[in-house]
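Understanding the architecture of this molecule
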Amino acid sequence: MRAFRGRPTDGAPAVRVGDADRDRVIAELRERAADGSLAHESFVFRVDAALRARYRGDLAQIVSDLPAPRVSRARAALGRLTETRRAAGRRLASFLGPPRPLAFVLPSGTQDSFTIGRDAACDLVLSDMTVSRSHADLRREAGRWLLTDAGSTNGTRLNGWRVTAPVPLRAGDEIRFGSMTMIVTEHAQSASAAFGTP
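What comes next concerns the included structure.

Description of the overall build of the protein chain
Scanning the protein chain for helices and strands turns up 5 helices and 10 strands. Burial status across the protein chain gives 31% buried among its 198 residues. Long-range contacts, defined as pairs at least 24 residues apart, comprise 49% of the intrachain contacts of the protein chain with a sequence gap of at least 6. Accessible surface, the protein chain as shown: approximately 12900 Å² in total, 53% of it carbon and sulfur.

Right, dumping it as structure tokens:
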């Protein structure tokens, strides 16, 4: 391998080297040195030649005599292990199916308002990081429950629509607090456990 100085004389067009061209060649040299197919002295010499090259033909000469890249045994084993884990994850996901949303149980006690959020002081604490500390409010009016967003960062959605004013809840509605999805149910027995009411 020899480094050219000046314009190429083999009749090839004289295309000047750009920084991106040099970076690609030096990155390839690093890879070859890392996988053991290029000695340190040769690596240093070739990097110096790449930095001094003025034309693309000079850069092509720097890597033209290198053997095909080798994949180390450790890297090949790691690639096989990674693919095996991905395949196992895909099989498990197909076996389990999509994650089921949590149940949002409407309260049946005497309390008429509840706070929902990540803060421990809320009546319903949701530990998901996309839920604001004080995310939403639930209030009973005229025998029905109304959901209101409390100025949360990631918003509250009811059946896909962003909640901007109090909206009534019915069994089967889908609520999203940030990225957390819940389905409204009316199980009076579970309401106490969900909201901590007597």
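Remarks on the nonpolar core
One finds F104, I116, L147, L169 and F177 to be the most contacted residues of the largest nonpolar core, which totals 19 residues. Per element, the largest residue contribution to this core is 3 residues, and it comes from strand β10 (residues 180-185). Those residues within four positions of F177 in sequence are excluded, and the remaining contacts are F104, I116, L126, T130, V131, H135, A136, L147, G155, T156 and M182. Counting 14 residues, the second largest nonpolar core, distinct from the first, contains I26, L29, A53 and L66.

Some words on the side chain of D21
With respect to the helices, strands and loops of the structure, D21 is situated in helix α1 (residues 19-34). Setting aside residues no more than four positions away along its own chain, D21 makes contact with R16, R56 and L59.

A word on the sheet that holds strand β9 (residues 174-177)
Sheet architecture is open: 5 strands sit in the order β1-β10-β9-β6-β7, paired in mixed fashion. The open sheet has two edge strands with one neighbour each: β1 (102-105) and β7 (161-162).

Parameters and conventions
- Residues numbered from 1 in each chain as written.
- Predicted model: local features only at pLDDT ≥ 70, side-chain atom pairs only at ≥ 80, totals over all residues.
- Heavy atoms only, no water.
- Helix = DSSP H or I, 4+ residues; strand = E, 2+ residues; numbered from the N terminus.
- Buried < 20%, exposed > 50% of the residue type's maximum accessible area, 1.4 Å probe, protein only.
- Contact = heavy atoms within 4.5 Å.
- Areas by Shrake-Rupley, 256 points an atom, 1.4 Å probe, with all protein chains shown as cover.
- Core = buried A, V, L, I, M, F, W, Y, C linked by side-chain atoms within 4.5 Å.
- Pairing = 2+ DSSP bridges.

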